[in-house]
Amino acid sequence: MEQTRKNTDTAFTISGRLLASCAVAYMALPTILFLLGWVRPLFSVPAAMAVAAPVLRDGLLGLKKDGRPSSDTMPALAACAALLEAVVALLNAQSYQTSSFTILSGIAALGLFMALLGSRVQLAAVKGGYDLAMSEPEHRGAYRVKDKDLIRMLSRSLDQKDPWILLSRPTDWDEKLVEQSFGERASERRARKTAYILLAAGVLAGLVFLLFGGGISGGAAALTAILCMGAPLSSTLVAGVASLRLQRTAAAAGAVIPGWAAVEELGGVDTVQVDADELFTADSAMLEDIRIFKGGRIDRAILYSASVLNQSCAALRGLFRQIIEDRTDILYPIKDLEVHQGLGFAAWCDNNRVLIGNRAYMEREGVPLPELEYEQKHSQNGTLQILYLAAMFVLHYVGGRNAARGLEMLQKENIRLLVSCEDPSLTARQIAEVYHLPEGMVTLLDQEQCTSLAAAEQAAPAAENAETCCMIHTQGFASLTGGLRAAEQAQNAENSATTVQLVSVWFSVVIGVLLTYAGSVGMLSVVMVLMYQAAWSALSLAVCALKQHNG
């Protein structure tokens, strides 16, 4: 019932914001088109501000240094200045009729509309991610490791001392992720600082007109002109569009990125932990040859291998089940299975202790082996993989297309791989060769490191406060890397687009100062300001779209 209530509240919020957007649009556009002196602005601006109360609230509170910054701050300041100008126009009707000062209430109302529209787009993005998360039965959550002991353990064989490691473990979508989706953005932090400068420029222009002949009417007109010209119409819309495109791009890979904080976390990731089973499917391994040792039987070697690997190694399970034609009924029961990470397996099978593994494991267990030259000859000097069990199995791995695309993206971003692998025949070098990766990009985790990982996953509920989920994704390497790519594109797009916005504000401040010096800042026409704002907004939205498309 509680979840149903929350869903209903979300639906009402989205519908209410949409209606508010339409209402403000209805008031803003007629105001721009049919300005008839000072009467219509006086009634339209308060009405627009009433409908856009959330924008005013968040925007004005965003001015407080201890409050949350908001992209609504500059549109809210422009609306307040327009209201002041309308009131001054009412109180000084005769002087306004004989002056050349322009009432910019329509521009301010349009700014409120665009801010509400941006909020609506962002709500749609969050709802889309929520719907995707609810539609999938099982998910994994991607987390950046913050436990220093675990980082030290996992990075033991890496050159970097303090890597940003991304882990993935089973998780569920909850209300914390919804709150995180509406979290503070980097663009909002920059917008607050810029809003202080814009407000200072507007107040300065107003004081100049007030003290040097323009009177209170000129001061109000100058203040409003600076703020309406400087407050970007796309201030909130850019963030909303970036969020919506992020949600759709990530959803195509089966992932959800909950908010800007998660985007920033993913942007700093330089190491990803993945299981070898996600790089190599059951169809990846192929049997090239079998070499029987003296006194060995090929049928017994295959049956023992299939019995043990059917319960221990997903990557090799498919190969040996294919050899026995999926007749699992002929497999022997397995007891006391031991997994030695990166080395092999030990188990009791048919009243015999069976050892399966690589050369290092067999040497450690004292098993007689052929000469190394013999092994290198049949493995083509390490190109093929070798697995021992009373016989020498010569294996060949083929990479998957989806995994190859994900690894190519990681390679471009210089992200390393920490691979946990139960298959004793695979090495870091062989994984890199199969997928044509540079040397050093792949590191295999040893038994101690894998044990630490398993312990961290079991202790996950206790670490919820220390770690924040960066991504919800389906079980698959392609989903994880697809989400990483979507986050990187969104971060580049929003940063670039908001930089264009900040340039527009600074440019507006410079123009405002020059026009104040010329004594004409309060006489800017509505059409001129509208065309100026439309040009900058179109540019910022185009930059946002192009960056996310080309990423």
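Structural notes, computed from the coordinates. Being a predicted model, the structure only gives us computed values, none of them experimental. (Residues numbered from 1 in each chain as written. Predicted model: local features only at pLDDT ≥ 70, side-chain atom pairs only at ≥ 80, totals over all residues. Heavy atoms only, no water.)

**Concerning the pattern of salt bridges**
Formally: By definition here, a salt bridge exists when the distance from a side-chain nitrogen of Lys or Arg to a carboxyl oxygen of Asp or Glu is within 4 Å. Helix and strand labels come from DSSP, where a helix needs a run of H or I of at least four residues and a strand needs a run of E of at least two; each type is numbered from the N terminus. Exposure categories follow from relative accessible area, calculated using a 1.4 Å probe and restricted to protein chains: below 20% of the type maximum is buried, above 50% is exposed, and the middle band is partly exposed.
Evaluated as defined, the whole model comprises 15 salt bridges. Between Arg-156 and Asp-446 there is a salt bridge, with its nearest N and O atoms 2.4 Å apart. You can see Arg-156 sitting in the loop between α7 (148–154) and β2 (165–171) and its partner Asp-446 sitting in the loop between β12 (442–444) and α20 (447–458), a full 290 residues away along the chain. Take Arg-156: its relative accessible area is 42%, and that puts it in the partly exposed class. Glu-184 serves as the salt-bridge partner of Arg-189, at 3.2 Å between the closest nitrogen and oxygen. Of the residues examined, Arg-189 reaches a relative accessible area of 33% and is grouped as partly exposed. A single network of salt bridges, built from pairs that share partners, joins Arg-144, Lys-146 and Glu-265.

**What about the environment of Ala-142?**
Spelled out, the test is: By definition in these notes, contact holds between two residues if any of their heavy atoms fall within 4.5 Å.
By secondary structure assignment, the location of Ala-142 is in strand β1 (residues 139–144). On the basis of relative accessible area, Ala-142 is assigned to the buried category, the value being 0%. Between the alpha carbons of Ala-142 and Ser-168 there is a distance of 4.3 Å; along the sequence they are 26 residues apart. Contact partners of Ala-142, with chain neighbours within four places excluded, come to Leu-166, Leu-167, Ser-168, Thr-468, Cys-469, Cys-470, Met-471, His-473 and Leu-480.

**Digging into the environment of Leu-60**
As for its position among the elements, Leu-60 is in helix α3 (residues 53–61). For the pair formed by Leu-60 and Ser-70, sequence separation is 10 residues and the distance between their alpha carbons is 8.6 Å. Leave out the neighbours within four places in its chain, and Leu-60 touches Ala-76, Leu-77 and Cys-80.

**So, the packing of helix α4 (residues 73–91) against helix α6 (residues 105–135)**
Using the following cut-off: Under this scheme, a helix contributes an axis fitted over its contacting stretch, all axes are lines through C-alpha atoms, and angles between N-to-C directions fall in the 0 to 180 degree range. Roughly parallel means an angle under 35 degrees; roughly antiparallel, over 145; roughly perpendicular, 65 to 115; everything else is oblique. By convention, the crossing between two helices is left-handed when the near helix turns anticlockwise from the far helix through less than a right angle, and right-handed when the turn is clockwise. Only Asp, Glu, Lys and Arg are considered charged, only Ala, Val, Leu, Ile, Met, Phe, Trp, Tyr, Cys and Pro nonpolar, and every remaining residue, Gly among them, polar.
Their axes nearest at 9 Å, the elements α4 and α6 cross at an angle of 150 degrees. On the basis of the axis angle, α4 is roughly antiparallel to α6. Here α4 and α6 pass one another in a crossing that is left-handed. Packed against α4, whose contacting residues are Pro-75, Ala-78, Ala-79 and Ala-82, the element α6 presents Ser-105, Ala-108, Gly-111 and Leu-112 at the interface. For the contact of α4 with α6, the class distribution of residues is 6 nonpolar, 2 polar and no charged.

**Some thoughts on the packing of aromatic side chains**
The test is simple: When two rings of Phe, Tyr or Trp (its six-membered ring) have centres within 6.5 Å they constitute a pair, described as stacked for plane angles under 30 degrees, edge-to-face for angles over 60, and tilted for the intermediate range.
According to the stated counting rule, one finds 4 aromatic pairs in the structure shown. Consider the rings of Phe-280 and Tyr-435, whose centres lie 5.6 Å apart with planes at 45 degrees: the pair is tilted. Taken together, the residues Phe-280 in the loop between α13 (276–279) and β5 (285–292) and Tyr-435 in the loop between α19 (428–434) and β12 connect sequence positions 155 residues apart. Tyr-435 matches Phe-280 in its accessibility class, with the two residues each being buried. An angle of 65 degrees between the planes, with centres 6.5 Å apart, marks the rings of Tyr-532 and Trp-536 as edge-to-face. Of this pair, Tyr-532 and Trp-536 both sit in helix α22 (residues 526–550), 4 residues apart, which is roughly one turn of that helix. We note that Tyr-532, like Trp-536, is buried.

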